[in-house]
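# Close look at the chain arrangement
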Amino acid sequence: MHFKVGQAFLILAFISTEAMAAEDPIRIGLIEALSGPMAVQGEYVSHHLHAAVDELNAAGGVLGGRKFEAVDFDSKLSPHEGLIALKNGLDKGIVYYTQGLGSSVGIAISEAIAKHNARNPQRPALFLNYGALDPALTNEKCHFWHFRFDPNTDMRVAALTAYLAGQPRIKKVYLFNQDYA
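Within any chain, residue numbers begin from 1 and follow the written order of that chain's sequence. Owing to the predicted nature of the model, reporting of local features is limited to residues with pLDDT of at least 70; listing and counting of side-chain atom pairs is limited to 80 or more, with chain, interface and lining totals taken over all residues. Computation of side-chain values: all heavy atoms of the structure, hydrogens and water removed.

## A closer look at the overall build of the protein chain
Heads up, the condition is: Counting from the N terminus, the helices are DSSP H or I runs at least four residues long and the strands are E runs at least two residues long. Relative accessibility decides the category of a residue: with a 1.4 Å probe and only protein chains considered, values under 20% of the type maximum give buried, values over 50% give exposed, and everything between is partly exposed. Contacts are assigned to residue pairs that have any heavy atoms within 4.5 Å of one another. To measure how exposed things are, a 1.4 Å probe is used in the Shrake-Rupley method; for residues, cover is taken only from the protein chains shown.
Along the backbone of the protein chain there are five helices and five strands. Going from the N terminus to the C terminus, the protein chain shows its helices and strands as α-β-α-β-α-β-α-β-β-α. Here the protein chain holds 181 residues, and the buried ones make up 38% of them. The long-range fraction of contacts in the protein chain, counting pairs at least 24 apart against all pairs at least 6 apart in sequence, stands at 63%. For the protein chain, the accessible surface area stands at approximately 10300 Å², while carbon and sulfur atoms represent 60% of it.

## Overview of the nonpolar core
Selection rule: Think of a nonpolar core as a cluster: buried Ala, Val, Leu, Ile, Met, Phe, Trp, Tyr and Cys residues, connected wherever their side-chain atoms sit within 4.5 Å.
Residues Ile28 and Tyr96 are the most contacted members of the largest nonpolar core, which totals 16 residues. Going through the elements one at a time, strand E1 (26-32), helix H2 (39-58), strand E2 (68-74) and strand E4 (126-129) are the ones with two or more residues in this core. Grouped together as the second largest cluster of nonpolar side chains are 12 residues, Val71, Leu86, Tyr97 and Ile109 included.

## What to know about the packing of helix H3 (residues 79-91) against helix H4 (residues 103-119)
Stated formally: Note on geometry: axes are lines fitted to C-alpha atoms, helical ones only across the stretch in contact, with angles between N-to-C directions running from 0 to 180 degrees. Working definition: roughly parallel below 35 degrees, roughly antiparallel above 145 degrees, roughly perpendicular at 65 to 115 degrees, and oblique for all remaining angles. By definition, any crossing whose near helix is turned counterclockwise from its far helix by less than a right angle is left-handed, and any crossing with a clockwise turn is right-handed.
At their nearest, the axes of H3 and H4 sit 8 Å apart, and the two run at 40° to each other. One way to sum up the angle between H3 and H4 is to call them oblique. With respect to the hand of their crossing, H3 and H4 are arranged in right-handed fashion. Only Ser104, Val105, Ala108, Ile109, Ala112, Ile113 and His116 of H4 make contact with H3, whose side of the interface consists of Pro79, Gly82, Leu83, Leu86 and Leu90.

## Notes on the pairing of E1
The test is simple: When the strands point away from the viewer, a crossover counts as right-handed if the route from the first strand across the helix to the second turns clockwise. Between any two strands, pairing holds if DSSP finds at least two bridges.
Here E1 lies mainly inside the structure; six of its seven residues are buried. Handedness of the crossover joining E1 and E2 through H2 is recorded here as right-handed. In the sheet, E1 pairs with strand E3 (residues 96-99) via three bridges, with the strands oriented parallel. What sits directly across from Ile28, in E3, is Tyr96.

## Description of the environment of Ser35
Along the chain, Ser35 turns up in the loop between E1 and H2. Distance in space between the C-alpha atoms of Ser35 and Lys76 is 5.6 Å, their sequence separation being 41 residues.

## Here we look at unusual backbone geometry
Positive phi, close to 55°, is recorded for Lys76, a residue that is not glycine. Here Lys76 shows up in the loop between E2 and H3. On the basis of relative accessibility, which here comes to 44%, the residue Lys76 falls in the partly exposed class. Backbone geometry places Leu77, a non-glycine residue, at a positive phi of 60°. The exposure class of Leu77 is partly exposed, given its relative accessible area of 33%.

What follows is the structure, encoded as structure tokens:
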């Protein structure tokens, strides 16, 4: 996770807008399930994001000392709550968002960011998807303002089957899948 977050921050550093003052932090909104049944996973991601921010800031930040700030929003693993969180973040001037626990939330955020950017081209937002795996996000629902760090489920299955096909000793495979994956 640290590597992926680090990549995201490097991208943010190079695309950060000139309209922001040099002393303003580059804020990234984490929209994750921070309560409810998936809270443990959401808190795990939050801790990693905050640790990466602390590490980068301790090293002097980017762009001549500009710091990062991570801002947590609780989606409760609900697309509706995720959209409320996104609106709250946009109202606070945050333009970079990351999410990955739950494709339903990721799709809602991605579509909302695309609509926001069409209506507000002077202040676009960017969705950094680290784990919402639905192939639709990089197929029929793909747009310029969505960036995926992780392969989707089709890509993962293709890699797994290609590997297994080259293993003559493997005769049977049993899958224990979540019913949505």
